[in-house]
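If you want the building blocks of each chain, they are given just below.
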Amino acid sequence: MHQLLSDVGVGLPVLAAPMAGGPSTPALVTAAARAGGLGFLAGGYRTAQALAGQIHATRGEGVAFGVNLFVPDPVRVSGEAYRRYLREVQAEADPYGLTLPGEPVEDDDHWTDKIDLLTSSPVPWVSFTFGIPDRAVVGALRRAGSTVLQSVTSADEALRAAASGVDALIVQASAAGGHSATLTPAQPPTPVPLPRLIAQVRRAVDLPLIATGGIATATDVRAALDAGAVAVMVGTVLLRTKESGASAPHQAALVDPAFGTTVVTRAFTGRPARALRNHFTDRYDPLAPVGYPALHHLTAPLRKAATAAGDTRLIHLWAGTGHRLAKDESAADTFARLAGQV
C-alpha cells in the first residue's frame, strides 16, 4: 500500500468519491472507511456551517476521511444568453408554479468560509475540483496537517496542479458520472480510457495518482492500478447503497431500462457533466450556454421540485458509464466486490 494511503490507515485502495447535492452522507463516508478505504464529504453547494456539521458527525465516528471543495472558477454567461435560456427553461417550471432567477447568480460557493473552516479544524484529506487553488491555500492546508489533492482530466492539467504544491492527483476520465473536473469547461476533455489517461499523467508528473471515472468492477480497479494508480475512486456504483443520500427517483433511474444511455451535458449547470439521457438533456443541451454557476442556480429550483415529484424527465440524473452495476446493497458489500473479495 502506498504511503499516501497507509498514513491514514487505508488498507483497501478503493475510495468513495465526493458527490455533491446529497449522495455523499457521513454514513457513506464512514462505511467506506470501515470497509478499509476512505470517503470524501462533498463540500460543494453547502454553507460552511452545514459542512462543519457533516465533518463533526463523521469525525465522531473515529474514521479518517476527506472533504472536497469546488474552487471558484466562474464561467461568466452574458445576460442576453442567460435570459434566452431562461425563457426556454421557464416553460418547464411553469407547471410547478416556479419563477426561475431572472438574472445570472454568480457566487463562490462560500469559498473563504470553507477554507477558514478547514484550516482551523483540519481533516485528513482535502481535495479540489473545477479549478486549482492558490499555492497559499494549498500551503495553509498542508501546514494545518491535511493531505491536499487536486482533480485533473489531462496531463497538461496535471502539470499545472503539480506546480501548486499539492500532494497527489485525482485523475478523472470522461466516463465519470456528474461534473467533469476539467479546467476548460467550454471544451470538455477528449474521451480517453482511464488506464491510458493514468499512463499519460504518470509520464508527466511524479505524484501519487488516484484513478476515477467509469470504475464499476474489480477488473476496472485492477486495470487502473496496473496502469500506475495507487488507488481508485468510485461514485456512481455507490449511489444505490444503503448509506447513499441519492434521491429515490435517481436511484431507481440507474437501473430503469427507460434510461439506457448516458450523455455529457451542460444543460443543468452550464458545466459539462455526465447524466442519464432524459427529456431535459435532449431538449435543452443544444440550447444551453456555457455558464457556471449561473445555470446551476437557474435550474436548481426546477430540479428540486421535479425530484420531489419523481419527475425524472427533468432531474439531473448524474451517472457514469458503469451505472447499471450500482446495486441495492451495503457500501461494504460494494467495496468487497470492487476489491475482488466476493
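Residues numbered from 1 in each chain as written. Predicted model: local features only at pLDDT ≥ 70, side-chain atom pairs only at ≥ 80, totals over all residues. Heavy atoms only, no water.

### What to know about unusual backbone geometry
The test is simple: Each helix is a run of DSSP H or I of at least 4 residues and each strand a run of E of at least 2, with the numbering of both proceeding from the N terminus. Relative accessibility under 20% of the residue-type maximum defines a buried residue, over 50% an exposed one, and the middle range a partly exposed one, all with a 1.4 Å probe and only protein chains included.
In this model, Y292 is joined to P293 through a cis peptide bond whose omega is 10 degrees. With a phi close to 80 degrees, F130 is a non-glycine residue in the positive phi region. Looking at the element boundaries, F130 is found in the loop between β4 (125-129) and α6 (135-143). The exposure class assigned to F130 is buried, which follows from its relative accessible area of 3%.

### Section: the side chain of Q172
To keep things clear, this is the line we draw: Any pair of N or O atoms that falls within 3.5 Å is considered a polar contact. Within protein, one atom must be able to donate a hydrogen and the other to accept it, and sequence-neighbouring residues count only if both atoms are side-chain atoms. Note on definitions: a residue-residue contact is assigned when non-hydrogen atoms from the two residues lie within 4.5 Å.
Among the secondary structure elements, Q172 is positioned in strand β6 (residues 168-172). Under the relative-accessibility criterion, Q172 is labelled buried at 11%. Among the polar contacts made by the side chain of Q172, one reaches the main-chain carbonyl oxygen of H179 at a distance of 3.2 Å. Not counting residues up to four positions away in its chain, the partners in contact with Q172 are V152, T153, H179, S180, A181, L197 and T212.

### Comments concerning a negative patch on the surface
Applicable threshold: By definition, no residue in a patch forms a salt bridge, and every one has over 30% relative accessible area; like charges are joined within 9 Å, nonpolar side chains (Val, Leu, Ile, Met, Phe, Trp, Tyr) within 5 Å. Each accessible area is a Shrake-Rupley result for a 1.4 Å probe, and residues are judged covered by the shown protein chains and nothing else. Definition used for salt bridges: Asp or Glu carboxyl oxygen within 4 Å of a side-chain nitrogen of Lys or Arg. A positive count includes Lys and Arg, and a negative count includes Asp and Glu. His and the chain ends are not counted in either. For the purpose of locating charges, the reference atoms are NZ of Lys, CZ of Arg, CG of Asp and CD of Glu.
Side chains of D107, D108, D113 and D116 sit close together on the surface and give a patch of like negative charge. With respect to the element layout, D116 can be found in helix α5 (residues 111-120).

Just distances and angles here, no functional claims.
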